[in-house]
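Listed below are the residues making up each chain.
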Amino acid sequence: MKDMLLYLLPIVILAVGGFSLMLVDAFQKEEGGLAIPTAMLHFASGAACLALWNYAGSPADLARAASAFNGWLAFDRTTLFLDLIIALGGGLASLLAGSYLNEHKLERGEFYTLITFASAGCMMLAGATDLIMVFIGLETMSLGVYAMTAFRRTNARSQEGALKYFLLGSFAAALLLYGSALLYGMTGHTDLAGIRAALAAPLDVPGLAAQEGGALALSVQQTVRDRVVILAMVLVIAGLAFKIGAVPFHMWVPDAYEGAPTPATAYMAVTVKAAAFGAMLRVLVGVFGDTTGAASLAGGWPGLLAWLAVASMVIGNLVALSQSSIKRMLAYSSIAHGGYILAAFVVTPRAELLPGGEGTVGQSAAASVLFYLLAYAVSNIGAFGALMLAGSRGKEAVSYDDVAGLGKRHPAVALALSFFILSLAGIPPMVGFFAKYNVIRSALEANYTWLAIALMVNSAIGVYYYLRVLVKMYMHDPAPGATRAEPMVSPGIWLTLIFTAVLVLVMGAMPQTFFGYALEAVKLAVAPVAAAATP
Amino acid sequence: MSAVLQSLAQVAPQVSNFVSASPSTYPVLGLILLFPLIGSIINGFWGKKIGREGVYITGIATVAMSFVLSLLAYATLYKTTHAPVAEGAAHGPSQLSFLLWDWFRAPVGAGVVQLKIRYVLDELSGVMLLVVTGVGTLIHIYSAGYMSHDEGYARYFAYLNLFMFSMLNLILGDSLVLLFVGWEGVGLCSYLLIGFWYTNTAYANAGRKAFIVNRIGDVGVILGMTILAWKTGSFEFAQIRETLNVQGSTALTALAEKPEFNDVVAYFLSFGRTGLYDFWMRVIPEFTWGGAACFFLFVGCTGKSAQLPLYVWLPDAMAGPTPVSALIHAATMVTAGVYLLCRLSFVYVHFPSVLALIAVTGALTALFAASIALVQTELKKVLAYSTVSQLGFMFAACGVGAFSAGLFHVYTHAMFKACLFLGAGAVMHACRDKQDLRELGGLYKFIPHTFRTFLVATLAIIGTPFVTAGFYSKDELLFRALESQNSNHPWVGKFVFVVLVLAATMTAFYMCRLLFLTFFGKFKGWSLSKADYPEHVEHAHDDHGHDAHDDHGHGHGNPWDAPKENPALMYIPLYVLAFMSVVGGFVGLPYLFTHKESVWGEWLIRSAEHAGKPITDWAITMADPRVHTAEVTAMIAGFFAFAVGSGVAYWVYIKADGAPVRALASSARPLYQLMVDKWRVDELYDFVIVRPLRFASDVAAKFIDRWIIDGLVNLVGMIPRALSAVVRKLQTGVVHTYAAVMVFGLVAMIAWVEFRPTVSLAATVEANNRISLEVHGGPGYTYQWDPEGDGTFAPTNDEYTTTTRQSTTCTPQDTTDGRRVCRVAVRARNAFGYTTTVTRFIEVPTGDREGR
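All of the points below concern the structure found in this document. (Residues numbered from 1 in each chain as written. Chains lettered and ligands numbered in written order. Predicted model: local features only at pLDDT ≥ 70, side-chain atom pairs only at ≥ 80, totals over all residues. Heavy atoms only, no water.)

## Details of the overall build of chain B
Then comes step 1: Of the regular secondary structure elements, chain B holds 30 helices and nine strands.
Then comes step 2: Counting over 852 residues, chain B shows a buried share of 55%.
Then comes step 3: In chain B, 76% of the contacts between residues at least 6 apart in sequence involve partners at least 24 apart.
Then comes step 4: For chain B, the computed accessible surface area is about 36100 Å², with 64% contributed by carbon and sulfur atoms. (Helix = DSSP H or I, 4+ residues; strand = E, 2+ residues; numbered from the N terminus. Buried < 20%, exposed > 50% of the residue type's maximum accessible area, 1.4 Å probe, protein only. Contact = heavy atoms within 4.5 Å. Areas by Shrake-Rupley, 256 points an atom, 1.4 Å probe, with all protein chains shown as cover.)

Here's what the structure looks like:
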């Protein structure tokens, strides 16, 4: 039992911290000063993840961790890896918020409470191994994020974006819930392992087979069950794809991203994605993935996701091309990045063994997903942070023209921003390159050559609009009379920028080490997140 | 030299035991790289904060530490390789290495290759390491004096340190990939430093030119590298070498394969005529994968090391600060190409035709650049073309198979050419940035330290017999060229010899001309008499010098002041380099004198030993009596070149005060003008390459960009715009639209899983054509099997089973390309009753029937 609390530590820190923040905010005389505590809470939660990573290493530990929650939550290394991304994203976003909200006269304590609870929700979602837990996590996360999107109360865009996000998000949550209900109805289980076991066995209604015409009735019921289960799977995919922002469930992304205050945008793009992908790994691979076979198409979801991946890449990139606002461009490109990650996701049910002790193709692909999420998190938060510095008090730098001449005016900001942009564009030696490289490798290993080619072509399109930022920064002068940005004095943002820039470079320099952690996270998962080799 | 080394070797292990566990983990190598990187980071980020002194100390100290550690590492290497071993036992490891971390895995050929960040010090990289860190340290010291009036000193030292870091990566990296990282890094630093005074458009353009020309070469390196790794299955030098040194190894066979496009290319070149086709196939007998790899890598070398036809960037690169020219564009970076050839000599020896190409290119470059240098009037331009020419010597040496001789010239050249460039910088510094030979003269009185060292270095480069390093290295490579036997093109050695002797004669002439015009005669820079400046304007000296260059290099006195000698910070490095230009050559005393292998040759012998295709085609047997004849011939030829060249120069510029040249120039006006215009190669490239490209890009910009790209972008942009138009009209409608899209997507997804059953079929081939099959669908999938591939599925009709595994013994069919395959099929029905059929052809082992 003492283990149970220990495993819950990352979430408990955030939850308890969230309540404390609320109290502090209620009783303190003046606003502000909560950014650092919030960041510290997140980093403490991240530290707890790191500690648990080492604490619960052996399979016996993992089994204990799994049984500690009766199949509600899995605190295995996959969860810890995702939790670490969430803690990192939340902590850095709060650091950004500390300076940003002040500067834009938005400083109100509830932002920090919201972000803390949302992070706790993200962690629940990432570790959920029960459909009810998935829903609770999803809603905890979403409610915080909806409110954060609407945080600029006087701004119509913010309101509009938040309302759309909320309405459509409710719709998506309803789809997910409906899918879950159908699965429960067909199998009698809400826990993923139970559903998986029920689906693996042929339908059996006690006593029915013995009755007259019972065999036929049974086979009809079997058919009904199979059909409904497949429909439920599609509904669940739709619900989670919404959170990822995959096409065609992406329409809310640009509005919400643009309307939200920039720290919230950075936060949404990173943590919500990480948590939702985690849940997808557990649900799709864990329930429908035929994870013991040599190769699997698992009821068609990989093929389905492959199409979602390509659609997300293409639409995200093409629309990003024509944006004049960098913030909106980053929003659309986040749809494209979701597509790239989905491309690796498609391969996760494959169980062919790789040479060199790298596990199976599926495990390598799932590790690519995790690695990509981490790489995207550091690059994206950094990019948003640098964008904040490029703006000035009360006026955000959002358009390409706003960053013109930044290279001369503020070389350090420009240098940092170019690191992140290069990383997002996937140019070596930044970490983004290796993230894409891993995905392409996974796709090729599973003979999804067309998917790999689609990814490469899209990545090349992406380079075009990403490099436009660099061209603007270094080769263009601001238009005469344009307002010059005066970077705010903000140790929080600087700290974030340095931290993420170093990570972008270090992870780019030693990608295999970090990929190794991701692979370990996949291999040491209690509930399957990728196809393991047949023993 | 070796005595020093030996005594160092005594001390080294005691020191290095603290930091080193074994030769396979020698962290000092990491420190050697780390120091310049730290220096670069400090100077780059906090340069302005720590101030001028701080930047100088950081910049110099980090590189000096690197040099000291290099000496330590070198001594340790010496000790390791010379450790006494029992009779008949294998030598100790001849390399020190340090693995930093595993980088990433790359699929190469059929396997997966682990790329590592690992640094290796062996005999070859040891020599380069000492040259780079040693000369680098001196030039950093000199720079502190040279840049003392420049505002951008922090940026300068940051770039210079970064350059050192990249160059060390290039040298110490143990794989092609790491070498390429360094290769790109030095290119970047070179670009940044050439355009250091970027506010001057001409200088910035010179940087850009260097960058673009080098990109052409880089494509070659990438191609060559990829082919080599693909065919040998490794990026690591040691592994490639090991596979190639085994006679008849698969890698060797793979390299010797002719690519299919070989025929295609030859076919196109011969316009479909068989006679011509045979001709091409004879001319290019090494049009194999390996030959192509070697060729492409050589293309990269011509870019980086400024050989024909890609040499054009180097003379322009002299726009950068002079110490940069000395370090990057004379002593170190430009020799990277030679280093690459030496590093991969074990590949190159298998491809004599490529070597012949290299030798001829090198020799022609030597001659061509020397001819341009004859008539240039700018101090640094002459030295620049001289560098191109000397690099040609090195390539010619490598091309005739004398890799160690080529490297010997790299090393001596680094000493005297760095000395010359720094001397030129000192002259410019003293003479208010004047570098036109017609405006200089008589400087030996004013700047005696510079003069003395410049004189010694000039004597070295023109190969003054018996006392200078230049003589020994030039003699060595002339001799090797004469002696070499290229098995495909036997004439190459003699040809190279003749051309190089000619080039050496020109070298002697133009270097003496440079020396005489700069330091002898009468000073013509400005009037030294106070009477000529009646108005006594206090700031009269503000209006000379380069516009971007103006805050450095001028005396702070009156306009009539004579040139002043530079501070000791600047001339002490000159003395060190001049000293090395003399004694540095004694490590390579010829066999003729000592009757044994020189220290140099002995040191590098392991790098030059290549099993497999025997190196004896190229090397010489010392006992051979012909060797003596050849060596004497080479020495006489070298002496001839020195005597004629310098003698003519002496007669022309000292005795006759330039009159004969003026007469010659006016009588052969067009030829002279052509040489002054550098054979108009730049104009030729402009006409043949740049203009058509610009035209094409104009067309692209006008049509492709405007109509296609912009059209596409506009079209795509119209979608959100159209959407937003809808939004504006129906304020609340938009969420419905979004939701509608979601519903549409959901319906499409459901339709997809309903109508498109998807299954995968996995097959395991066992012995005796036995195949195990396993099908994977998903919930509700049922199957019909046809494991024999004869078109009859079981069970028949509408019956489907839930069996997912089958095993069968198949009767294989032969395919046209000699493989044997079995056909298997399965029909799957999903929960919604829709079916799909999956057919697979599974390859089975051909067995001994084919005897493959």
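## A short note on the overall build of chain A
Then comes step 1: Along chain A, the regular secondary structure elements total 20 helices and zero strands.
Then comes step 2: The C-alpha radius of gyration computed for chain A amounts to 23 Å, which stays within 12% of the reference 24 Å derived for 535 residues, consistent with globular compactness.
Then comes step 3: By its C-alpha atoms, chain A is 90 × 55 × 40 Å across when sized along the principal axes.
Then comes step 4: Within chain A, buried positions represent 64% of all 535 residues.
Then comes step 5: Counting only contacts in chain A whose residues sit at least 6 apart along the sequence, the fraction spanning at least 24 positions is 80%.
Then comes step 6: Counting only carbon and sulfur atoms, one obtains 69% of the accessible surface of chain A, whose full area is about 17600 Å².
Then comes step 7: Averaging the locations of the 29 positively and 29 negatively charged side chains of chain A gives two centres separated by 7 Å. (Rg over C-alpha atoms; globule rule 2.2 N^0.38 Å. Lys, Arg positive; Asp, Glu negative; His and termini not counted. Charge placed at Lys NZ, Arg CZ, Asp CG, Glu CD.)

## Things to note about the pattern of salt bridges
Then comes step 1: Scanning the entire structure with this criterion turns up 21 salt bridges over all chains.
Then comes step 2: Shared partners join several salt bridges into a network, and the residues in it are K116, R118, D174 and E236 of chain B. (Salt bridge = Lys/Arg side-chain N within 4 Å of Asp/Glu carboxyl O.)

## Quick word on the packing of aromatic side chains
All names here are of chain B.
Then comes step 1: Applying the stated criterion to the full structure yields 55 aromatic pairs over all chains.
Then comes step 2: Centroid distance F45 to W46: 5.9 Å. Interplanar angle 50°. Geometry classified as tilted.
Then comes step 3: When its relative accessible area of 58% is taken as the criterion, F45 is described as exposed.
Then comes step 4: Members of the aromatic cluster, joined through ring pairs, are Y56, Y153, Y156, F157, Y159, F196, W197 and Y203.
Then comes step 5: Between K474 and the ring centre of F393, over which it is positioned, the NZ or CZ distance is 5.4 Å.
Then comes step 6: Above the ring of F793, the side-chain terminus of R827 is found at 4.2 Å from the ring centroid. (Phe/Tyr/Trp six-rings, centres within 6.5 Å; stacked < 30°, edge-to-face > 60°. Lys NZ or Arg CZ within 6 Å of the ring centre and 35° of its normal.)

## Section: the side chain of D76 of chain A
Residues and elements named next belong to chain A.
Then comes step 1: Within the element layout of this structure, D76 appears in the loop between α3 (59–67) and α4 (77–103).
Then comes step 2: Here D76 falls in the buried class, since its relative accessible area comes to 0%.
Then comes step 3: Within the local environment of D76, its side chain forms a polar contact with the side chain of T79, the two groups lying 2.9 Å apart.
Then comes step 4: Separated by 2.8 Å, the side chains of D76 and R282 make a polar contact.
Then comes step 5: Contacts of D76, omitting those with residues within four sequence positions, involve L62, R282, L524, A525, V526 and A527. (Polar contact = N/O pair within 3.5 Å; in protein donor to acceptor, adjacent residues only side chain to side chain.)

## Concerning the environment of L255 of chain B
Residue and element names in this part refer to chain B.
Then comes step 1: Examined against the element boundaries, L255 turns out to sit in helix α8 (residues 250–256).
Then comes step 2: A relative accessible area of 1% means that L255 is categorised as buried.
Then comes step 3: Once the C-alpha coordinates of L255 and F351 are considered, the two residues, 96 residues apart in sequence, prove to be 9.9 Å apart.
Then comes step 4: Residues within four places of L255 in sequence aside, it is in contact with L228, K231, T232, L244, T288, W289, G290 and F351.

## Let's talk about the sheet that holds strand β3 (residues 760–765) of chain B
Residues and elements named next belong to chain B.
Then comes step 1: Strand order in the open sheet formed by three strands is β3-β4-β6, and the pairing between neighbours is antiparallel. What marks the edges here is a single partner per strand, and that holds for β3 and β6 (805–809). Within the sheet, the average angular offset between the axes of one strand and its neighbour, ignoring direction, is 20°. (Pairing = 2+ DSSP bridges. Axes fitted to C-alpha atoms, helices over the stretch in contact; angles between N-to-C directions.)

## Notes on unusual backbone geometry
Then comes step 1: The linkage connecting V247 of chain A with the following residue, P248 of chain A, adopts the cis geometry, with an omega of 10°.
Then comes step 2: Summarising the element assignment, P248 of chain A is placed in the loop between α9 (214–244) and α10 (252–259).
Then comes step 3: Here the bond from L308 of chain B into P309 of chain B is cis, since omega is 0°, no more than 30 degrees from zero.
Then comes step 4: Even without being glycine, F466 of chain B reaches a positive phi, approximately 70°.
Then comes step 5: Relative to the elements of secondary structure, F466 of chain B occurs in the loop between α19 (448–461) and α20 (469–483).
Then comes step 6: The exposure class of F466 of chain B is partly exposed, given its relative accessible area of 46%.

## A few points about the pairing of β3 of chain B
Then comes step 1: Sheet topology note: the β3 of chain B/strand β4 (residues 770–776) of chain B ladder contains six bridges and is antiparallel. Directly across from V765 of chain B, in β4 of chain B, lies its bridge partner I771 of chain B.

## Describing the interface of chain B and chain A
Bring the parts together and some accessible area is lost; that lost area is often taken as the interface size.
Then comes step 1: Counting residues at the interface gives 42 residues for chain B and 54 residues for chain A.
Then comes step 2: Here chain B meets chain A over a buried area of about 4200 Å², counting both sides, of which 75% is carbon and sulfur.
Then comes step 3: Inspection of the region where chain B meets chain A yields nine residue pairs in polar contact (both at pLDDT 80 or more).
Then comes step 4: Of all the secondary-structure elements, those providing two or more residues to the side of chain B that touches chain A are β1 (96–108), β2 (111–121), α29 (681–729), α30 (733–755), β3 and β4 of chain B.
Then comes step 5: Ranked by the residues each element gives to the side of chain B that touches chain A, the list is headed by α30 of chain B, at 13 residues.
Then comes step 6: For the side of chain B that touches chain A, the class distribution of residues is 29 nonpolar, ten polar and three charged. (Buried area = accessible area lost by both parts, 1.4 Å probe. Nonpolar A, V, L, I, M, F, W, Y, C, P; charged D, E, K, R; others polar.)

## Quick notes on the packing of helix α16 (residues 411–425) of chain A against helix α19 (residues 491–509) of chain A
Residues and elements named next belong to chain A.
Then comes step 1: In the contact formed by α16 and α19, the axes pass within 10 Å of each other and the chain directions differ by 45°. Between α16 and α19, the angle falls in the class oblique. The handedness of the crossing between α16 and α19 is left-handed. On the side of α16, the interface is formed by A412, V413, A416, F419, F420 and S423, while α19 contributes W494, L497, T500, A501, V504 and L505.
Then comes step 2: Residue composition of the contact of α16 with α19, by class: ten nonpolar, two polar and no charged. (Parallel < 35°, antiparallel > 145°, perpendicular 65-115°, else oblique. Left-handed = near helix turned anticlockwise from the far one by under 90°.)

## Remarks on the nonpolar core
Then comes step 1: Among the nonpolar cores identified, the biggest contains 404 residues, and L305 and F345 of chain A together with V135, M167, L344 and Y348 of chain B are the most heavily contacted of them.
Then comes step 2: Of all the elements, helix α14 (residues 361–390) of chain A adds the most residues to this core, at 22 residues.
Then comes step 3: Formed by 29 residues, the second largest nonpolar core is a distinct cluster that contains A359, A363, A402 and A481 of chain B. (Core = buried A, V, L, I, M, F, W, Y, C linked by side-chain atoms within 4.5 Å.)

## Comments concerning helix α17 (residues 431–445) of chain A
All names here are of chain A.
Then comes step 1: Taking 1.5 Å per residue as the helical rise, α17 with its 15 residues ought to reach 21 Å, and the 21 Å between its terminal C-alpha atoms agrees with that figure.
Then comes step 2: Burial in α17 covers these residues: V431, G432, F434, A435, K436, Y437, N438, V439, I440, R441, S442 and A443.
Then comes step 3: Downstream of α17 by one or two residues, N447 has phi in the positive range, about 65°. (Expected span 1.5 Å × (residues − 1).)

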